[in-house]
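# Structural characterization, general
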Amino acid sequence: MIHHLFTDGSYNPHLNISSVGGYLLDDNKELIFDFSEKLLERDLLKYHELAALKCGLQKCLNYDIQHLVCYSDDISLRNLNYLEVLNKHPIDPIKKSLIKDIIELRQQFPLIE
């Protein structure tokens, strides 16, 4: 069975707050779970899209998922293989840590897109 993870993050620069959310559907478009959370770690505020994907993947670990398709409106997350390449270049250490966590999380699923 294919599962579909949809994630999104938002940032309000005027209030300097971020939040993440998402949901998981099965092949029959049945809702498995949803989530929405305020980002409490100040360092993650500008990386809300990556934080949303990480949070969603962490929640997926509680389910027996063999094939996971991830959706995000952030173009930098459209290709998960790109994250592996990006992780090898000098980038902000907080962003690099998030990318490393996502790469490790995605290895928990037999097939991920």
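All of these numbers come straight from a predicted model, not from anything done at the bench. (Residues numbered from 1 in each chain as written. Predicted model: local features only at pLDDT ≥ 70, side-chain atom pairs only at ≥ 80, totals over all residues. Heavy atoms only, no water.)

### Notes on the confidence of the model for the chain
- Looking at the chain, the pLDDT average stands at 86 and 85% of residues meet or exceed 70.
- Averaged pLDDT values over the elements of the chain bottom out at 63 in helix 2 (residues 80-87) and peak at 97 in strand 3 (residues 31-38). (pLDDT = per-residue confidence, 0-100. Helix = DSSP H or I, 4+ residues; strand = E, 2+ residues; numbered from the N terminus.)

### Observations regarding the sheet that holds strand 1 (residues 2-12)
- Strand order across the open sheet formed by 5 strands is 3-2-1-4-5, with mixed pairing between neighbours. Two strands close off the open sheet at either side, each with one partner strand: strand 3 and strand 5 (111-112).
- Pairing analysis gives 2 bridges linking strand 4 (residues 67-71) to strand 5, with the strands arranged parallel. Of the residues in strand 5, the one forming a bridge with Leu68 is Ile112.
- Contacts from helix 1 (residues 48-60) reach strand 1, strand 2 (17-25), strand 3, strand 4 and strand 5, with the element oriented near 145° to strand 1. (Pairing = 2+ DSSP bridges. Contact = heavy atoms within 4.5 Å. Axes fitted to C-alpha atoms, helices over the stretch in contact; angles between N-to-C directions.)

### Points about helix 3 (residues 93-106)
- The terminal C-alpha atoms of helix 3 lie 20 Å apart, and with 14 residues this matches the ideal 20 Å at 1.5 Å per residue to within 8%.
- Along helix 3, the residues that are buried comprise Leu98, Ile99, Ile102, Ile103, Leu105 and Arg106. Buried residues along helix 3 cover an arc of 165° about the axis, so they all sit on one side.
- By the N-cap criterion, in which a side-chain oxygen at the helix start approaches the backbone nitrogen of a residue two or three places on, helix 3 is capped by Asp92, the distance to Ile94 being 2.9 Å. (Expected span 1.5 Å × (residues − 1). Buried < 20%, exposed > 50% of the residue type's maximum accessible area, 1.4 Å probe, protein only. Arc of directions from axis to C-beta. Polar contact = N/O pair within 3.5 Å; in protein donor to acceptor, adjacent residues only side chain to side chain.)

### Some points on the pairing of strand 2
- Across 9 bridges, the pairing between strand 1 and strand 2 is antiparallel. Bridge pairing in strand 2 places Asn12 opposite Ile17.
- The antiparallel pairing of strand 1 with strand 2 creates a hairpin that spans 4 residues between the two strands, and Asn16 there sits at a positive phi of about 55°.
- Note that strand 2 and strand 3 share 7 bridges and pair antiparallel. When the sheet's bridge partners are listed, Tyr23 is paired in strand 3 with Asp34.
- Counting the residues between successive antiparallel strands, the hairpin from strand 2 to strand 3 contains 5 residues, one of them, Lys29, with a positive phi of roughly 65°.

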